[in-house]
Structures are given as structure tokens and as C-alpha cells.
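Each chain is listed here by its residues.
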Amino acid sequence: MTFKELGLIDPILKALADKGYTHPTPIQQQAIPVLLKGKDLLGSAQTGTGKTAAFTIPILQQIYDNIGSGKGGRKLKALIITPTRELAIQIDDNVTEYSKYTGIKNTVIFGGVKQAAQVNAMRKGVDVLTATPGRLLDLVKQGFISLKDIEYLVLDEADQMLDMGFIHDIKKVLKLVPHKRQSLFFSATMPKAIVDLSKLILGDFEKVSIAPEKPTAERVDQSVYFVSKKSKAKLLEHLIETENPETVLVFSRTKHGANKIVKILDKSGINAAAIHGNKSQAARQKALSAFKDGKTQVLVATDIAARGIDVSELELVIQYDLPNVPETYVHRIGRTGRAKASGIALSFCAQDERPYLKDIEKLIKQKIHVIAEHPFLVDPADEESQSSQDSRPKNNNRNSNRNRSQNSSSRPKKQTAGRPNKRFNSKPKSE
Ligand code: AMP
């Protein structure tokens, strides 16, 4: 199946060719024809499988066709709502790329920055807007945005958007958009309560579901270390120093925890930065860009970076703390193994996190490989005594990876990405 066979128009085919996409992914093959027919859609697919293009392309094509027949005019026709600012920026970047030969105008709005530039962009006329809910409603209230002409409404990461934190904002948005519209809900995970709620909001919809059996990205090798809370920092440091992966995304449950991890890594000369809700938007974007450009080796994030963030060739995701919501695990590990790449996901599980691990294994319908025989492995019964010892291995090469250059090209050559049980399971050679 080719993009042309999906009935896409030349300006979009040309943009896809520029991106180097040769064939549609499964979610694109299934969703694009349904959406081009104007149907509502509830789409569920593994993270990193090309969902953004699956919903963006049919919207662009329909807007382009309507502009051609004189039905368009420059009014806001499509609204894409996402939970995080970083994801909003990324989706808008994709819209820019896919629409570059169509004459369609797009922009993005999100909180945490001054609103003037966003208001100006809206004044100039926009067809497609990607937004986070808070700032969107704020600008609507101030009269800078009208949603009365919306024909296409997308909820990306719909499970999160329809969850407690966002549902009130979404209900407000639903009151502001016309009843007659095409609605598209997309997510990697679809808990039943959310599907039921979606059914109330969507009209006559089709469900497109890819690989529902195992929601976890297939190409990601997953392993878990049972480790005491106090030994987690040492284990992290040890893994980064001995394996020296080019890029590592580390998830921490709290903002304070993320800052603490960065401090510890900094002390060891490991180039790390944190991204979380207490940082200014400018700092968040700077940290993310430096990581995406390969200038920062380790990005320590709270769950604002768990969804959607696309870092090409992200080799390793480490869950320093296990999430208490099992779906979050799936989103976090989905930051690696994207498109056709493979990835490794390691989790650190302390004694009190064992129930979370059980819930995760139930959700993903598989047992996560336990890494045994590691110096930091802690007998759960012995967690306290073990954590009080300094079990750091005496690594003669400990300083060899320190003070890495900011320039990724000067890094040691990337090692072959092995299965985690080979690459991350061995005792340090110096032991
Ligand atoms: P998404 O799930 O939308 O975040 O996309 C995951 C990654 O796949 C992104 O890096 C996209 O640029 C890439 N991608 C999307 N569609 C295709 C395609 N048809 N062929 C190759 N890569 C794609």
C-alpha cells in the first residue's frame, strides 16, 4: 500500500516524500480512508506508530479540497488539543511540514509564555490550531479565538484529555465548537471508562485499533531491576557510566526528585538536564531541544514528557520510579523504539513499588524480564541493610566517560544495541 493508493493529493504526497516516508504505517492505512470519508474516529495504536500523520493528513486534505472549491476562507477550522506544551509544539511542527505545499496556515498556543505572539499569529488568520486546553480557553475568553467555525476536532492522548485533570476544560471546549463537526480521538491506551465517555462525545464513529493485544511498543526490550530506593541513584550512575548510551530519558515521579537526580549526575560529570512543570517554558524547551539535538546525554523528566515526545533514535528509557498508573508505563517506554527503531526500557523497582509492577504486567499482558546477578540487586527482605552499604562497584574506568563534550560527534562510538539481558545484565568488568 502506498500513500498515493490512499487517495492523497499531490501537495501532501510531495511533503511526505520530502520527509522520506515511503509507505503509510498500519494506523495511517486504516485511519486515513475512514477520515477522508468524514467519519468520526476512535483510534488506538501503539505509541510511536505514526498517529500524528494519521489524523493530520486527512484534515489537511479536506481543508485543501474545500479551499479549492471556495468553501474555505481563512477561519479557524481545525483544533487539535493535547495535554502538554511540548507535544503541542511537536504536533504543530508536523502540521507545518505536511501542509507546506497546501497554503494552509497553522499555529500553536500553550501556556507558560507571553500571549502576545500567539494573539498576533491568530489575528493573521489560521486554519489549523494546536493547543493546550488552559491557554486556549483563556484566549477564547479574552475574545482572541473563536471556535464557532471548527469543522475538525482532535483529542490527542484522548485517555488523558478525558481524565480527571482535563475533562472540565474539554467539556467547556465541546460547548464552544459546533455540534456538526468531525471528531477524532487518538490514544495509545484506551481504558474502558474512557471508551465509554468517548462514545458519548463522538457521533457516528468507527474504531481503528492496531495491535490491541499488547499495547507496549513491540520493539522495546523491557527489563526491571529490583533495587532499594537508596541504591537507585548509584545504579543509574553506574549504568550510564558503564554503558554510555548516547541518549537516555529518565522518568522521575516528582519534580523535586528529577532535580535531585540531575544534581547527582552532574556531580559525576554526566551531562544531564531536568524537564518538569516547575521550570519556565523557555527552560523546558531549551532542555528538550538540547536533548533532541544530542547535546545533553540524559534528560530527567516527570510525566510531562511521558507522552508523544518524539526523540529520534532515543536508545534508552529508564523509569527511576515506577508509575502508579500502569498506562503511564506504556507511554513512558513509548519514547523509545519509535518508528522503525529499536529501544531499551529499564525500570527500577523498590520494594514498595512491587504492586505497581504487578499492575503494569497485568496491563501489558506480559512479565517484564528481571535482571538478576547485578551488584545493585537487593534482596527485598534485606532492603534496609543493603541500602545502607555503599555497594558501588570499584570501576577502574569510572572517570573515562566523565566530562563528555557537549558535542555529540565527539562521543564514543555507539555500542551495538543488544538485548538488555546481555547489555545491562553483566557485572562490571572491574569487579
Ligand atoms: P507519532 O506516532 O505520530 O509520534 O510518529 C512516530 C514517528 O514516526 C515520528 O518520528 C514520525 O515522523 C514517524 N513517521 C510517521 N509516519 C511515518 C511513515 N509513514 N513512515 C516513516 N516514519 C513515519
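Everything quoted here is computed from the prediction, not taken from an experiment. Throughout this description, residue numbers start from 1 for each chain and increase along the sequence as written. Totals for whole chains, interfaces and linings use every residue, but because this is a predicted model, local features are given only for residues with pLDDT of at least 70 and side-chain atom pairs only at 80 or more, for both listing and counting. Each side-chain value is derived from all of the structure's non-hydrogen atoms; neither hydrogens nor water enter the calculation.

Considerations on the overall build of the protein chain
Of the regular secondary structure elements, the protein chain holds 16 helices and 14 strands. Buried residues are those whose accessible area, probed at 1.4 Å on protein chains only, stays under 20% of the maximum for their type, while exposed residues exceed 50% and partly exposed ones sit between those limits. The buried share of the protein chain, taken over its 431 residues, is 57%. Contacts between residues were defined by any pair of non-hydrogen atoms, one from each residue, lying within 4.5 Å. Taking the contacts inside the protein chain whose residues are at least 6 apart along the sequence as the reference set, 77% of them involve residues at least 24 apart. Helix and strand labels come from DSSP, where a helix needs a run of H or I of at least four residues and a strand needs a run of E of at least two; each type is numbered from the N terminus.

Describing the sheet that holds strand 2 (residues 78-81)
Strand pairing follows a simple DSSP-based rule, namely that at least 2 bridges must link the two strands. In space, the 7 strands of this open sheet follow the order 3-4-2-5-6-1-7, with parallel pairing throughout. A strand with exactly one partner marks an edge of an open sheet, and here the two such strands are strand 3 (106-109) and strand 7 (205-209). Adjacent strand axes in the sheet meet at a mean angle of 15 degrees, parallel and antiparallel pairs treated alike. Here strand 1 (residues 40-44) pairs with strand 6 (residues 182-187) via 4 bridges, running parallel. If you follow Leu 42 over to strand 6, its bridge partner there is Phe 185. Helix axes use the C-alpha atoms of the stretch in contact, all axes being lines fitted to C-alpha atoms, and the angles between their N-to-C directions lie in the range 0 to 180 degrees.

Things to note about the packing of aromatic side chains
Side-chain rings of Phe, Tyr and Trp, where Trp is taken by its six-membered ring, are said to pair if the distance between their centres is within 6.5 Å; with planes under 30 degrees apart they count as stacked, over 60 as edge-to-face, and otherwise as tilted. This model, assessed by the stated rule, comprises 4 aromatic pairs. Both rings, one in Tyr 225 and one in Phe 348, keep their centres 5.9 Å apart while their planes meet at 85 degrees; by these two values the pair is edge-to-face. Within this pair, whereas Tyr 225 is found in strand 8 (residues 220-226), its partner Phe 348 is found in strand 13 (residues 343-349), the two being separated by 123 residues in sequence. Residue Phe 348 is classed as buried on the basis of its relative accessible area of 0%. Consider the rings of Tyr 320 and Phe 348, whose centres lie 5.9 Å apart with planes at 50 degrees: the pair is tilted. In this pair, Tyr 320 sits in the loop between strand 12 (316-319) and helix 13 (326-333) while Phe 348 sits in strand 13, placing the two residues 28 residues apart along the sequence. Residues Tyr 320 and Phe 348 agree in their burial class; the two are buried. A network of ring pairs unites the aromatic residues Tyr 225, Tyr 320 and Phe 348 as a single cluster. The ring of Tyr 101 is capped by Lys 14, whose NZ or CZ atom sits 4.2 Å from the centre of that ring. A positively charged side chain is recorded as over a ring if its NZ (Lys) or CZ (Arg) lies within 6 Å of the ring centre. The angle to the ring normal must also be within 35 degrees. The positively charged end of Arg 354 is found above the aromatic ring belonging to Phe 226, 3.6 Å away from the centroid.

Overview of helix 4 (residues 85-98)
Relative to the 20 Å expected for 14 residues at 1.5 Å per residue, helix 4 spans 20 Å between its end C-alpha atoms, a close match to the ideal helical length. Counting buried positions over the 14 residues of helix 4 gives 10, a clear majority of the element. The set of residues buried in helix 4 consists of Glu 86, Leu 87, Ala 88, Ile 89, Gln 90, Ile 91, Asp 92, Asn 94, Val 95 and Tyr 98. The span one expects for a helix is its residue count, reduced by one, times 1.5 Å.

Overview of the pattern of salt bridges
By definition, a salt bridge exists where a carboxyl oxygen of Asp or Glu is found within 4 Å of a side-chain nitrogen of Lys or Arg. In total, this model carries 14 salt bridges according to the counting rule given. Across the pair Glu 206 and Lys 39 runs a salt bridge whose closest N-O atoms are separated by 3.7 Å. Linking Glu 206 in strand 7 with Lys 39 in the loop between helix 2 (26-36) and strand 1, this pair joins segments that are 167 residues apart in sequence. Look at Glu 206 and you get partly exposed, because its relative accessible area is 28%. For Lys 232, the salt bridge identified is with Asp 321, shortest N-O distance 3.6 Å. Of this pair, Lys 232 sits in helix 10 (residues 232-243) while Asp 321 sits in the loop between strand 12 and helix 13, and the two are 89 residues apart along the sequence. For Asp 321, a relative accessible area of 14% gives the class buried. Sharing partners across several salt bridges, the network here consists of Lys 232, Arg 253, Asp 321 and Glu 353.

Comments concerning the sheet that holds strand 13
Spatially, 7 strands are ordered 10-11-9-12-13-8-14 in an open sheet, and the strand pairing comes out parallel. Each edge of the open sheet carries a strand with a single partner, namely strand 10 (272-275) and strand 14 (369-370).

Comments concerning the UniProt feature "domain: DEAD-box RNA helicase Q" (unreviewed entry) in the protein chain
UniProt positions are given in the numbering used here, feature names are shortened, and annotations may be inferred rather than shown by experiment. Residues annotated in UniProt with the feature "domain: DEAD-box RNA helicase Q" (unreviewed entry) correspond here to residues 1-29. With 48% helix and 0% strand, the stretch residues 1-29 has end C-alpha atoms that lie 8 Å from each other.

Description of the pairing of strand 13
Of all 7 residues in strand 13, 7 are buried; the element is thus mostly enclosed. Judged by which residues are buried, strand 13 turns out to be covered on both faces: Gly 343, Ala 345, Ser 347 and Cys 349 on one side and Ile 344, Leu 346 and Phe 348 on the other are all buried. Two strands pair when backbone bridges link them, and strand 8 and strand 13 are joined in this way by 7 bridges, in the parallel orientation. Bridge pairing in strand 13 links Ser 223 to Leu 346. With 4 bridges joining them, strand 12 and strand 13 adopt parallel strand pairing.

Side note on the confidence of the model for the protein chain
For every residue, the pLDDT score states the predictor's confidence, bounded by 0 at the bottom and 100 at the top. In this model, the protein chain carries an average pLDDT of 82, and 80% of its residues clear a pLDDT of 70 or more. Within the model, the stretch residues 426-431 combines pLDDT values under 50 with 11 contacts to residues more than four positions away or in other chains.

Quick look at unusual backbone geometry
If a residue is not glycine, its phi is most likely negative; likewise, a peptide bond is most likely trans. Positioned with a positive phi, Asn 244 is a non-glycine residue whose angle comes to about 45 degrees. With respect to the helices, strands and loops of the structure, Asn 244 is situated in the loop between helix 10 and strand 9 (248-251). A residue is classified by how much of its surface remains accessible, and Asn 244, at 13% relative accessible area, is buried. A positive phi angle is found at Lys 365, which is not glycine, with a value near 55 degrees. Topologically, Lys 365 is positioned in the loop between helix 14 (354-364) and strand 14. Residue Lys 365 is classed as exposed on the basis of its relative accessible area of 55%.

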